[in-house]
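Observations on chain architecture
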Amino acid sequence: MTTAAKSASPSSAAPMQTRPLSPALGIEITGIDLSQPMDDATFDAIQKLWYDNCVLCIPGQKLEDLEQVRFAERFGELAVTLHEYEAGKVHPALMYVTNEKKDGKFVGALPDGEMYFHSDMCYLERPSMATMLYAMVIPSVGGNTLFANMYKAYEALPEATKKQLDGLKAVNTYDPGHSNYAAMRTRMPSSAGSPTARSYAHPIVFTHPVTGRKALYINRLMTESVVGMPRDESSALLESLFDHQEQPQFIYEHRWTPGEVIIWDNRCTLHARTDFSANELRKLRRVTVKGDKPV
Ligand code: SIN
């Protein structure tokens with residue numbers, strides 16, 4: 001079903017149209033050109049749709065680097081990225097998720113293969129609030145991004161489990177020392193005590209600062225252990241929560257089309273990626289928005 005949103009885009013005479021992406025989460029917005037300046041009323045309408053649906057997809061865009069930066073900045077302060085694509089980079093917040101190579105070496109981040117569900121930068125004290133990807137080149141098969149609704153996952157837990165999780169924290173870890181990190185779980189013994197690992201313990205249940213809704217804030221890729229719980233008990237609890245949060249009714253799988261912009265809320269969603277051929281180019285331009293410490 002397509003509906004007209006309340007606010008009109010200043011860059012186009014037609015009002016924005018919206019269409020749900022799935023029963024789990026997500027909304028598509030059409031009738032808007034993100035390369036054009038946007039008034040506050042239009043942005044407020046977009047932001048409300050984002051809060052209500054966790055993931056926005058805006059297809060049919062033609063965005064230069066700085067146009068993407070300008071739109072992302074409306075959501076909050078952007079995080080600086082350190083390395084990828086340094087040579088061609090026109091803004092410190094830009095990075096490329098790509099398997100493109102130069103002189104036999106990957107030039108971007110997260111280049112190849114499947115990725116388990118995760119939430120961006122959950123191993124930092126202040127994880128990313130939002131991540132925005134702009135699809136530039138997409139392989140013919142695979143490389144889909146899956147989004148899981150962590151409000152719904154939390155709400156579907158038995159009351160006894162909700163009580164058990166109340167006040168518990170879990171340690172999230174990222175180890176850049178793993179060369180094929182994206183496909184690996186840092187919960188593997190190899191990451192324990194690694195000098196390159198970065199960790200932070202966050203509440204397992206996160207209260208979203210804007211919506212006030214509770215969400216499960218753990219993930220299979222980066223959550224290592226429950227603070228203060230014996231290892232076996234912690235692993236059993238986490239495994240059962242991972243299985244719970246990855247059930248199909250919480251998930252939307254997105255098949256990308258070039259020109260799409262997707263922005264997701266890392267505080268109430270997880271994302272993952274399906275495998276794709278190393279022989280086909282995949283290239284998306286990414287910016288992330290800084291968040292607050294989860295409580
Ligand atoms: C990411 O985790 O930011 C990348 C997701 C993707 O490549 O689909």
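First, a word on what this report is: a plain description of the structure on this page. (Residues numbered from 1 in each chain as written. Predicted model: local features only at pLDDT ≥ 70, side-chain atom pairs only at ≥ 80, totals over all residues. Heavy atoms only, no water.)

Points about the overall build of the protein chain
- Helices and strands together make up the secondary structure of the protein chain, namely five helices and 19 strands.
- Buried residues in the protein chain amount to 55% of all 295 residues.
- For the protein chain, the share of sequence-separated contacts (at least 6 apart) that also reach a separation of at least 24 residues comes to 77%. (Helix = DSSP H or I, 4+ residues; strand = E, 2+ residues; numbered from the N terminus. Buried < 20%, exposed > 50% of the residue type's maximum accessible area, 1.4 Å probe, protein only. Contact = heavy atoms within 4.5 Å.)

Observations concerning the environment of Asp 44
- Within the fold, Asp 44 resides in helix H1 (residues 40–53).
- A residue is classified by how much of its surface remains accessible, and Asp 44, at 46% relative accessible area, is partly exposed.

Here we look at the sheet that holds strand S10 (residues 145–149)
- What the four strands build is an open sheet, ordered S8-S18-S10-S16; its pairing is antiparallel. Strand pairing shows two members of the sheet lacking a second neighbour, strand S8 (115–118) and strand S16 (251–254), which therefore form its edges. Looking at each pair of strands side by side, their axes are set apart by 15° on average, direction ignored.
- Of the pairings in the sheet, the one linking S10 to S16 comprises four bridges and is antiparallel in character. Paired with Phe 147 across the bridge in S16 is Tyr 252. (Pairing = 2+ DSSP bridges. Axes fitted to C-alpha atoms, helices over the stretch in contact; angles between N-to-C directions.)

Focus on the packing of aromatic side chains
- Applying the stated rule across the entire model yields eight aromatic pairs.
- Ring centres of Trp 50 and Phe 75 lie 5.0 Å apart, and the angle between their planes is 75°; on these two criteria the pair is classed as edge-to-face. Here Trp 50 is found in helix H1, whereas its partner Phe 75 is found in the loop between helix H2 (65–73) and strand S5 (95–98), with 25 residues between them in sequence. With respect to class, Trp 50 is no different from Phe 75; both count as buried.
- Clustering of aromatic rings is evident, with ring pairs tying together Phe 43, Trp 50, Tyr 51, Phe 71 and Phe 75.
- The ring of Tyr 154 carries Lys 162 above its face, with NZ or CZ at 5.3 Å from the centroid. (Phe/Tyr/Trp six-rings, centres within 6.5 Å; stacked < 30°, edge-to-face > 60°. Lys NZ or Arg CZ within 6 Å of the ring centre and 35° of its normal.)

Examining the side chain of Arg 282
- Inspection of the secondary structure assignment puts Arg 282 in the loop between strand S18 (269–273) and strand S19 (283–290).
- Put simply, Arg 282 is tucked away with no salt bridge, and the nearest opposite charge, on Asp 275, sits 9.3 Å away.
- Beyond its immediate stretch of four places on either side in the chain, Arg 282 contacts Val 97, Thr 98, Asn 99, Val 137, Pro 139, Gly 143, Thr 145, Trp 256, Arg 273 and Phe 276. (Lys, Arg positive; Asp, Glu negative; His and termini not counted. Salt bridge = Lys/Arg side-chain N within 4 Å of Asp/Glu carboxyl O.)

Quick word on the pairing of strand S3 (residues 27–30)
- Two strands pair when backbone bridges link them, and strand S2 (residues 15–20) and S3 are joined in this way by four bridges, in the antiparallel orientation. Each residue of the ladder has a partner; that of Pro 20, found in S3, is Ile 27.
- What sits between S2 and S3 in their antiparallel hairpin is a turn of six residues, with Gly 26 showing a positive phi close to 95°.
- With two bridges connecting them, S3 and strand S4 (residues 55–58) associate as parallel partners. Note that in S4 the partner of Glu 28 across the bridge is Cys 57.
- What joins S3 to S4 is H1, and the crossover it makes is right-handed. (Right-handed = clockwise from strand over helix to strand, strands pointing away.)

Regarding the site of the ligand
- Close contacts around the ligand come from Val 97, Leu 110, Met 115, His 118, Asp 120, Thr 145, His 271, Arg 273, Arg 282 and Arg 286, and that covers them all.
- A distance of 2.8 Å separates an oxygen atom of the ligand from a polar atom in the side chain of Arg 282.
- The fraction of the free accessible surface of the ligand (260 Å²) that becomes covered by protein chains is 100%.
- The set of elements that each furnish at least two residues to the shell around the ligand consists of S8 and S18.
- A per-class count over the shell around the ligand returns three nonpolar, three polar and four charged. (Near = heavy atom within 4 Å. Polar contact = N/O pair within 3.5 Å; in protein donor to acceptor, adjacent residues only side chain to side chain. Areas by Shrake-Rupley, 256 points an atom, 1.4 Å probe, with all protein chains shown as cover. Nonpolar A, V, L, I, M, F, W, Y, C, P; charged D, E, K, R; others polar.)

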